[in-house]
Amino acid sequence: MPRKQLIKNTRKIVIKIGTSIITENNAISKARIAELVFDILSLKNSGYSIVIVSSGAISAGAGALKTNRENISIPKKQALASIGQTILMNTWREAFLKAGCEVGQILLTEDDVKDRKRFINARHTFHALLEMGIIPIVNENDSVVIKEIKFGDNDILSAHVTNIVEADLLILLSDVDGFYNNLFDPEPIEEIHQITKDLIAKAGGSGSIHGTGGMLSKIKAAEVIIKCGEKMIIANGRASGILSKIIKGEKIGTIFIGNEPLSSRKRWIAFNMKSSGKIEIDDGAVKALQQHKKSLLSTGVIDIEGKFHLGDAVEIINKSGDIIGKGIVNYNFNELQIIKGKKTSQIKDILGSSYFDEVINRDDLILY
Ligand code: GLU
């Protein structure tokens, strides 16, 4: 499909800018940032809402102290992020202010995305900033998180930001032109609709052609975006005027395309609710869910795993163990163990009461 057609309904864009795009000789480059600001403002002035996710704090800190960011302890890296974050923000702010545009800083951790209250609070702040015409600039709150609870990198963070602000498009600006099927190909793949095992292997698994250039995290970000039903583009952020060209509909980089945008409730189930167990279902139930868009009934349940309760999220697996979806369950693990394989009409006689006809209602269910 023509690119123009694909992005024609875009209103809100998250732009993720990698460290390599805005640094020169180990320091934040004012010239690079000024160029990007020019490009970003041309989008904003055409009516798009823009959110930036900017990396570069650790490098900026290392540059300021003239020290190396590699082979140092985690607390030292966090200290560099703390020093560099103010440098990074000052540079962005100065450049935007020249055009009379204010910016706001939002530092997020993975906990902020997993906790419903913090998620909603963050969403309100984003919306308030955008309503005021201010550009939010996001980074991971590197100085307060340790490896175990980190997003890991800003590619994944930016996919979650896209989800929080319900943007229609995420643009990942990095130093690659897109996703290549084969490094000998002259051009990157134009469109990707599904993240397959083969793609993941090419991105960074064994036999990877992309090496460790951060492609795996980009593919993981694309997985989130495709599940949300939105779009993502990987493009080379060093090419001048790249954002304006993308928005004009030029075939640049690789576009990842989801189907229908998911409702807020379903996004919450998909990305924020921790799974408390698994429900294995038979082929008939798989078909009912996937092809006939039905709810999950007890009759299709073969087995369960985990101690989940009413209202918890569980993963749905097929007979081969593939995870095919996730949903909020209406029965606890004890009850489901008893009613699995039974007809809905039998539930009342077996349990003494029947709260729900479905084990997982269609509205509380997402399929991958
Ligand atoms: N948050 C890190 C920084 O600002 C960057 C993480 C990443 O590049 O993915 O330096």
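Residues numbered from 1 in each chain as written. Predicted model: local features only at pLDDT ≥ 70, side-chain atom pairs only at ≥ 80, totals over all residues. Heavy atoms only, no water.

1. A few points about the overall build of the protein
Looking only at helices and strands, the protein has 15 helices and 15 strands in total. Computed over its C-alpha atoms, the radius of gyration of the protein comes to 23 Å, within 12% of the 21 Å expected for a compact globule of 368 residues. For the protein, the spread of C-alpha atoms along the three principal axes comes to 75 × 45 × 45 Å. A separation of at least 24 residues holds for 72% of the contacts in the protein among residues at least 6 apart in sequence. As displayed, the protein offers around 17500 Å² of accessible surface, 50% of which is attributable to carbon and sulfur atoms. Distance between charge centroids for the protein: 2 Å, based on 48 positive and 43 negative side chains. (Helix = DSSP H or I, 4+ residues; strand = E, 2+ residues; numbered from the N terminus. Rg over C-alpha atoms; globule rule 2.2 N^0.38 Å. Contact = heavy atoms within 4.5 Å. Areas by Shrake-Rupley, 256 points an atom, 1.4 Å probe, with all protein chains shown as cover. Lys, Arg positive; Asp, Glu negative; His and termini not counted. Charge placed at Lys NZ, Arg CZ, Asp CG, Glu CD.)

2. What to know about the packing of helix 7 (residues 116-131) against helix 8 (residues 154-165)
Two numbers describe how helix 7 lies on helix 8: the axes approach to 9 Å, and their chain directions differ by 75 degrees. By the criterion of interaxial angle, the relationship of helix 7 to helix 8 is roughly perpendicular. Residues Phe 119, Ala 122, Arg 123, Phe 126 and His 127 of helix 7 lie in contact with helix 8, whose contacting residues are Val 161, Asn 163, Ile 164 and Val 165. In terms of residue class, the contact of helix 7 with helix 8 is built from 6 nonpolar, 2 polar and 1 charged. (Axes fitted to C-alpha atoms, helices over the stretch in contact; angles between N-to-C directions. Parallel < 35°, antiparallel > 145°, perpendicular 65-115°, else oblique. Nonpolar A, V, L, I, M, F, W, Y, C, P; charged D, E, K, R; others polar.)

3. Digging into the pattern of salt bridges
Overall, the coordinates contain 16 salt bridges when judged by the stated rule. Taking the shortest distance from any N to any O, the salt bridge between Glu 70 and Arg 69 comes out at 3.8 Å. Of the residues examined, Glu 70 reaches a relative accessible area of 45% and is grouped as partly exposed. Since its relative accessible area comes to 26%, Arg 69 is described here as partly exposed. Between Glu 110 and Lys 114 there is a salt bridge, and its shortest N-O distance comes to 3.6 Å. (Salt bridge = Lys/Arg side-chain N within 4 Å of Asp/Glu carboxyl O. Buried < 20%, exposed > 50% of the residue type's maximum accessible area, 1.4 Å probe, protein only.)

4. Some thoughts on the site of the ligand
Neighbouring residues of the ligand: Ser 55, Gly 56, Ala 57, Ile 58, Asn 139, Asp 142, Asp 153 and Asn 154. A distance of 3.1 Å is found between an oxygen atom of the ligand and a backbone nitrogen or oxygen belonging to Gly 56. The protein chains hide 84% of the 300 Å² of surface that the ligand would expose on its own. Applying the majority rule of atoms within 2 Å of the grid points places the ligand in the second largest pocket. Taken together, the residues of the shell around the ligand sort by class into 2 nonpolar, 4 polar and 2 charged. (Near = heavy atom within 4 Å. Polar contact = N/O pair within 3.5 Å; in protein donor to acceptor, adjacent residues only side chain to side chain. 1 Å grid on protein atoms, 1.4 Å probe; cavity = no way out; pocket = protein on both sides within 12 Å on 5 of 7 lines; lining within 4 Å. Sits in = over half its atoms within 2 Å of the grid points.)

5. Quick look at the sheet that holds strand 15 (residues 365-367)
In spatial order, the strands read 12-11-13-14-15; together these 5 strands make up an open sheet with mixed pairing. Unpaired on one side and paired on the other, strand 12 (301-305) and strand 15 mark the two borders of the sheet. Going from strand to strand, the sheet's axes swing by 25 degrees on average, the running direction of each strand aside. Pairing of strand 13 (residues 313-317) with strand 14 (residues 323-328) involves 5 bridges; the strand directions are antiparallel. Looking at strand 14, one finds that Ile 317 is bridged to Ile 323. Packing against the sheet, helix 12 (residues 264-272) makes contact with strand 14 and strand 15, and its axis sits at approximately 115 degrees to strand 14. Seen against the sheet, helix 13 (residues 283-290) touches strand 11 (275-281), strand 13, strand 14 and strand 15 and runs at an angle of roughly 110 degrees to strand 11. (Pairing = 2+ DSSP bridges.)

6. Comments concerning the packing of aromatic side chains
Under the defined criterion, the tally for this structure stands at 3 aromatic pairs. Judged by centre distance (6.1 Å) and plane angle (25 degrees), the rings of Trp 92 and Phe 96 are stacked. Taken as a pair, Trp 92 and Phe 96 lie in helix 5 (residues 74-97) at a separation of 4 residues, close to a single helical turn. Judged by its relative accessible area of 0%, Trp 92 falls in the buried class. On the basis of relative accessibility, which here comes to 0%, the residue Phe 96 falls in the buried class. With 6.4 Å between their ring centres and 85 degrees between their planes, Tyr 331 and Phe 356 make a pair best called edge-to-face. (Phe/Tyr/Trp six-rings, centres within 6.5 Å; stacked < 30°, edge-to-face > 60°.)

7. Things to note about the side chain of Thr 109
Relative to the helices and strands, Thr 109 resides in the loop between strand 5 (103-108) and helix 6 (110-114). In this structure Thr 109 touches Arg 118, Asn 141, Val 144, Val 145 and Phe 151, once residues within four positions along its chain are discounted.

8. What to know about the sheet that holds strand 1 (residues 12-17)
Strand order in the open sheet formed by 8 strands is 5-6-4-1-7-9-10-8, with mixed pairing between adjacent strands. Every other strand in the sheet has two partners, leaving strand 5 and strand 8 (191-192) as the edge strands with one partner each. With 6 bridges joining them, strand 7 (residues 169-174) and strand 9 (residues 231-236) adopt parallel strand pairing. Residue pairing in the sheet places Ser 174 in a bridge with Asn 236 of strand 9.

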